[in-house]
Amino acid sequence: MSAVRSSLRAALKASNANVSARFYSSKTATLKETLAAMIPEQQERVKALKKEHGHKVIQEVTLDQVYGGMRGIKSMVWEGSVLDSEEGIRFRGLTIPDCQAQLPKAPGGEEPLPEGLFWLLLTGQVPSEQQVRDLSAEWAARADLPKFVEELIDRCPTTLHPMAQFSLAVTALEHESAFAKAYAKGINKKEYWGPTFEDSMDVIAKLPNIAGRIYRNIYKDGKVAPIDKSQDYSYNLSNILGFGENKDFVELMRLYLTIHTDHEGGNVSAHTAHLVGSALSSPMLSLSAALNGLAGPLHGLANQEVLRWIEQMRDTIGTGVSDETIKDYLWKTLNSGRVVPGYGHAVLRKTDPRYMAQREFALKHLPEDPMFKLVSQVYTIAPGVLTEHGKTKNPYPNVDAHSGVLLQYYGLKEANYYTVLFGVSRALGVLPQLIWDRALGMPLERPKSFDTTHWEKIVKKL
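Residue positions are counted from 1 within each chain, in the order its sequence is given. Reporting in this predicted model follows two pLDDT cut-offs: at least 70 for local features of residues, and 80 or more for side-chain atom pairs to be given and counted; totals over whole chains, interfaces and linings ignore these cut-offs and use all residues. Just so you know, side-chain values use all the structure's heavy atoms and leave hydrogens and water out.

Per an unreviewed UniProt entry, the protein chain goes by the name Citrate synthase and belongs to Saitoella complicata. Under Sequence similarities (unreviewed entry), UniProt gives the following word-for-word description of the protein chain: "Belongs to the citrate synthase family." UniProt positions are given in the numbering used here, feature names are shortened, and annotations may be inferred rather than shown by experiment.

K.L.:
Help me out: how do you make sense of the overall build of the protein chain in this one?
P.N.:
Only DSSP runs of H or I with at least four residues qualify as helices, and only runs of E with at least two residues qualify as strands; both kinds are numbered from the N terminus onward. On a plain count of helices and strands, the protein chain comes out with 21 helices and two strands. A compact globule built from 462 residues would reach a C-alpha radius of gyration of about 23 Å, and the protein chain, at 23 Å, matches this within 12%. Seen through its principal axes, the protein chain has C-alpha atoms that stretch 70 × 65 × 45 Å. In this scheme, a residue with accessible area under 20% of its type's maximum is buried, one over 50% is exposed, and one in between is partly exposed, where area comes from a 1.4 Å probe on protein chains only. Burial status across the protein chain gives 53% buried among its 462 residues. Sequence separation of at least 24 residues holds for 75% of the intrachain contacts in the protein chain that already meet a minimum separation of 6. As displayed, the protein chain offers around 21400 Å² of accessible surface, 53% of which is attributable to carbon and sulfur atoms. Side-chain charges in the protein chain split into 53 positive and 52 negative, and the spacing between the mean points of these groups amounts to 5 Å. Computation of the radius of gyration draws on C-alpha atoms alone. For the globule rule, the value is 2.2 Å times the number of residues to the power 0.38. Throughout, a contact is declared for two residues whenever any of their heavy atoms are within 4.5 Å. Exposure was quantified through the Shrake-Rupley algorithm and a 1.4 Å probe, taking into account, for residues, occlusion by the shown protein chains and nothing else. Asp and Glu count as negative and Lys and Arg as positive, but His and the ends of the chain are not part of the count. By convention, the charge on Lys lies at NZ, on Arg at CZ, on Asp at CG and on Glu at CD.

K.L.:
Looking at this structure, I do not really get the nonpolar core. What am I missing?
P.N.:
A general feature of soluble globular proteins is that nonpolar side chains tend to end up buried together. Put simply, a nonpolar core is a bunch of buried Ala, Val, Leu, Ile, Met, Phe, Trp, Tyr and Cys residues held in one set by side-chain atoms that sit within 4.5 Å of each other. Ranked by internal contacts, the top residues of the largest apolar core, which has 110 residues, are F166, L207, I210 and L412. Per-element tally for this core: the top contributor is helix 20 (residues 418–439), with 13 residues.

K.L.:
Is there a simple way to think about the pairing of strand 2 (residues 88–91) in this case?
P.N.:
For a regular strand, side chains alternate in direction, first toward one face of the sheet and then toward the other. Should DSSP find at least two bridges between two strands, the strands are taken to pair. Where strand 1 (residues 81–84) and strand 2 come together, four bridges link them in antiparallel fashion. Of the residues in strand 2, the one forming a bridge with V82 is R90. Between strand 1 and strand 2, which pair antiparallel in sequence order, lie three residues.

K.L.:
What is the right way to read the confidence of the model for the protein chain from this model?
P.N.:
Low-confidence regions, as indicated by low pLDDT, have predicted coordinates that should not be scrutinised in detail. pLDDT expresses how confident the predictor is about each individual residue, on a scale running from 0 to 100. With 94% of its residues at a pLDDT of 70 or more, the protein chain has an overall mean of 91. For the stretch residues 1–26, pLDDT sits under 50, and the model shows 38 contacts to residues farther than four places along the chain or on other chains.

K.L.:
What's the story with the pattern of salt bridges in this structure? I'm lost.
P.N.:
Opposite charge on two side chains permits pairing when their charged atoms draw close. Throughout this description, the term salt bridge denotes a Lys or Arg side-chain nitrogen within 4 Å of a carboxyl oxygen of Asp or Glu. Applying the stated criterion across every chain, the model contains 15 salt bridges. As a salt-bridge pair, R254 and E251 come within 2.7 Å of each other at their nearest N and O atoms. One end of the pair is R254 and the other is E251, both in helix 12 (residues 247–259) and three residues apart, which spans about a single turn. For the pair R254 and E251, a shared accessibility class is recorded, and that class is buried. As a salt-bridge pair, D315 and R314 come within 3.2 Å of each other at their nearest N and O atoms. For D315, a relative accessible area of 58% translates into the label exposed. When its relative accessible area of 30% is taken as the criterion, R314 is described as partly exposed. What you see here is one network of salt bridges that share partners, running through K32, E138, R142, E198 and D202.

K.L.:
I'm lost on the packing of aromatic side chains in this one. Help?
P.N.:
Aromatic ring pairs are defined here through the distance separating the ring centres and the angle between the ring planes. Two rings belonging to Phe, Tyr or Trp (six-membered ring only in the last case) form a pair when the distance between their centres is within 6.5 Å. Interplanar angles under 30 degrees mark stacking, angles over 60 mark edge-to-face geometry, and anything in between is tilted. Under the defined criterion, the tally for this structure stands at 14 aromatic pairs. Ring geometry for F118 versus W139: centroids 5.3 Å apart, planes at 65 degrees, classification edge-to-face. Note that F118 is positioned in helix 5 (residues 114–123) and W139 in helix 6 (residues 129–141), a separation of 21 residues in sequence. In terms of burial, F118 and W139 fall into one category: buried.

Rendered as structure tokens:
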């Protein structure tokens, strides 16, 4: 075993000597060492599964699914999480309460560190506190941005949407891509996962600096606090934004980044990262594409729309009003042809556990906040109204119904920016899968399509 570990350390130092070598001298297994030991077994597992069962038909596809955005078609491999319509999300088999109980926390903190969830998503293992501390330190060591990326962000007009700036900066990191450079030199495809891992670690490490710089440029004085290499990822993001002194906000960031990471592979941002990555695009380009999908109003942008709707409700009817007043407002929204933002989900048929995690945080930290009370009141009334309305399959709140109210309570009131935080979190979910896609040699994704005339011929023969 010691010989294997020595060989791994030598290979790791050669691949990333300038940044990572000092982390691989620890007696505790590093994330990359842990992953390297797992890959051969998983490769054989998938190979055996395909050999024995590859010919079996798993699901027939209906025409409604073909014309309905491929909804519910089982056609992807996604290791990090599985979403059940009734139970909600499980990260490598663990529920959100499981993660809150089992994942390491910061000293004195109560919420899980997202570093721990990243480790879990990549390996299926709950890391030790030391492993998480080492990962925090490694990300902090990798966090500095190339000067040209800083200048690129600084030269963006403040009127350019924060998500567009975010995507632009992540794309520019392609200049630093270890995978792109290794591929150009002719790396063996069996080794693709190594530089993909290094790129993923690099880009994740740099996201607080990118996201913070965008926020400070657009909304504040343009001054960006340095990364504190003794602190965890969520603290550094909070501190760059300007909220590092507020311990409750830092705890909120730890919760927020953890619960927004991953939600199966079929959502737009996750699927986009997988699709673009299947073309052997670098993690930088794959993540940038995912961010562009996340920026859509039907995906990550929904969180800011929810807050605006709640604020409009408050401005129209006030706070501390009767249930009947809120019920009337909900019906007016629906009867005007609009939806109630933050309610309903493509898969879930119950209250989103991510919503409940945020609600529990609010009950503990801001129970008397008027906006939280309004959100709570809507939570008790909206499902009944939506059920009576009859056009919503899931009348319960999703994750977006709560996050904006929490952020604005602590002073982060710029709703246009909220999806950037979602993007930082989602990177922690989609990049582990991209690493596994490369380790398992997943092919270029290329589904078959037909025009409507051909589909008409197919269904008429059934």
